[in-house]
Amino acid sequence: MRTVYLNGDYLPEDEAKVSIFDRGFLMADGVYEVTSVLDGKLLDFDGHAVRLQRSLDELDIRHPSSKEDLLEVHRELVRLNDITDGMIYLQITRGNPGDRDFAYPAPDTAPTVVLFTQSKPGLADSPAARQGIKVISIPDQRWGRRDIKTVQLLYPSMGKMMAKAAGCDDAWMVEDDVVTEGTSNNAYIVKGNTIITRQLGHEILQGITRAAVLRFAREAQMKVEERPFTIAEALAADEAFVTSATTFVMPVVEMDGQPVGTGKPGPVAARLREIYLDESRKAAI
Ligand code: PDD
């Protein structure tokens, strides 16, 4: 049984209990982060901590602990659960006001802080990365502040189910004819030596992996264009891929039933995955 973290305590997972009045449960009033663990070390912890602070600030949720304390909790959970490869899920909600009300509770209401681990042996060596994944396109029907990493994940879940029903792995979401992002990842296409991905804004999450991958791409003299692109442009591209904390760089080989590029994982995605994994392992803490 796992040991999880709840509001200052390390507990067996079946003893960690949250109130039915918690705003996370009643209103999806909470934010989260997912940080990968490779060889027992955290990838890009700083990036996740900075984005967490931003999500909390945007929603006026009090930050319940310092970055240093959060790092300590992450490390302790890795240790207690003997995680070599996997991830740590962190969620902070506006807490339990003791009743249901649309208005935010008094600012002294304690936020609820939950962290747990998921063990994924061989996370960086997934067969999907060698084969590539298949995606479908679906309309983006999420709310308008996707830059805040809230736990309001029903539409992304529906998107994954639509993909599954179509015999695919994931969905790319389209709004005003252009791709926003994947259900739980940022989306890219490659044309020649140029990597194209949607610019940041309220419409997408500012991926921590995205920031790192774009930095490594520029350092490797690849050209990066941050702009919208259509599904038609993706189908005419040489390659496509997605990035996230848990999939790193993952090639996309089929879209809406048609092959992307050669229909096999391409060299740019493979190279970026290798660079990302090498550099992230070196910087892991
Ligand atoms: N999802 N876009 C969306 C909508 C996401 O949910 C995620 C991450 C990303 C990639 O962000 P990052 O590189 O910081 O992981 C982009 C996480 C992994 C999840 O929900 O499990």
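Before any of the text, the structure's been laid out above.
Residues numbered from 1 in each chain as written. Predicted model: local features only at pLDDT ≥ 70, side-chain atom pairs only at ≥ 80, totals over all residues. Heavy atoms only, no water.

## Topic: the layout of surface pockets
No. 1: A volume near 1100 Å³ is recorded for the largest pocket.
No. 2: Forming the boundary of the largest pocket are 45 residues, of which Y32, K149, T183, S184 and N185 lie nearest the centre.
No. 3: Per-element accounting of the lining of the largest pocket gives the leading share, five residues, to helix 5 (residues 154-165).
No. 4: For the lining of the largest pocket, the per-class residue count stands at 18 nonpolar, 17 polar and 10 charged.
No. 5: When residues are assigned to domains, the lining of the largest pocket turns out to be shared by domain 1 (3-119) and domain 2 (127-283), each giving three or more.
No. 6: By volume, the second largest pocket is sized at about 250 Å³.
No. 7: Taken together, 17 residues line the second largest pocket, and the ones lying closest to its centre are L6, V18, Q91, T112 and V114.
No. 8: Secondary-structure elements contributing two or more residues to the lining of the second largest pocket are strand 1 (3-6), helix 1 (23-27), strand 5 (86-93) and strand 6 (112-119).
No. 9: Residue contributions to the lining of the second largest pocket peak at four residues, all from strand 6.
No. 10: The residue makeup of the lining of the second largest pocket, split by class, is 10 nonpolar, four polar and three charged. (1 Å grid on protein atoms, 1.4 Å probe; cavity = no way out; pocket = protein on both sides within 12 Å on 5 of 7 lines; lining within 4 Å. Points joined across faces, edges and corners; volume = space filled by probe spheres on them. Helix = DSSP H or I, 4+ residues; strand = E, 2+ residues; numbered from the N terminus. Nonpolar A, V, L, I, M, F, W, Y, C, P; charged D, E, K, R; others polar. Domains from an automatic or database assignment.)

## Points about the packing of aromatic side chains
No. 1: Within this structure, the stated rule accounts for seven aromatic pairs.
No. 2: Measuring from centroid to centroid gives 5.3 Å for Y5 and Y10, while their planes differ by 65°, and the two rings are edge-to-face.
No. 3: Residue classification places Y5 among the buried residues on the basis of a relative accessible area of 13%.
No. 4: Linked through ring pairs, Y32, Y89 and F116 together constitute an aromatic cluster.
No. 5: The positively charged end of R215 is found above the aromatic ring belonging to F216, 5.1 Å away from the centroid. (Phe/Tyr/Trp six-rings, centres within 6.5 Å; stacked < 30°, edge-to-face > 60°. Buried < 20%, exposed > 50% of the residue type's maximum accessible area, 1.4 Å probe, protein only. Lys NZ or Arg CZ within 6 Å of the ring centre and 35° of its normal.)

## Thoughts on helix 3 (residues 67-80)
No. 1: Spanning 14 residues, helix 3 covers 20 Å between terminal C-alpha atoms, matching the ideal 20 Å at 1.5 Å per step.
No. 2: In the segment just after helix 3, D82 is the residue with positive phi, at about 55°. (Expected span 1.5 Å × (residues − 1).)

## A word on the site of the ligand
No. 1: Close to the ligand lie 19 residues; Y32, R51, E181, T209 and A245 are nearest.
No. 2: Here a nitrogen atom of the ligand and a backbone polar atom of S184 are 3.4 Å apart.
No. 3: The separation between an oxygen atom of the ligand and a polar main-chain atom of I208 is 2.8 Å.
No. 4: For the ligand, the accessible surface in isolation is 470 Å², of which the surrounding protein chains cover 89%.
No. 5: When each cavity is represented as a set of grid points, the ligand is found to reside in the largest pocket.
No. 6: If you list the elements that add at least two residues to the shell around the ligand, you get strand 3 (30-38), helix 2 (45-58), helix 6 (208-219) and strand 13 (239-244).
No. 7: Here the residues of the shell around the ligand sort into five nonpolar, 10 polar and four charged.
No. 8: Counting contributing residues per domain, the shell around the ligand is built from domain 1 (3-119) and domain 2 (127-283), each supplying no fewer than three. (Near = heavy atom within 4 Å. Polar contact = N/O pair within 3.5 Å; in protein donor to acceptor, adjacent residues only side chain to side chain. Areas by Shrake-Rupley, 256 points an atom, 1.4 Å probe, with all protein chains shown as cover. Sits in = over half its atoms within 2 Å of the grid points.)

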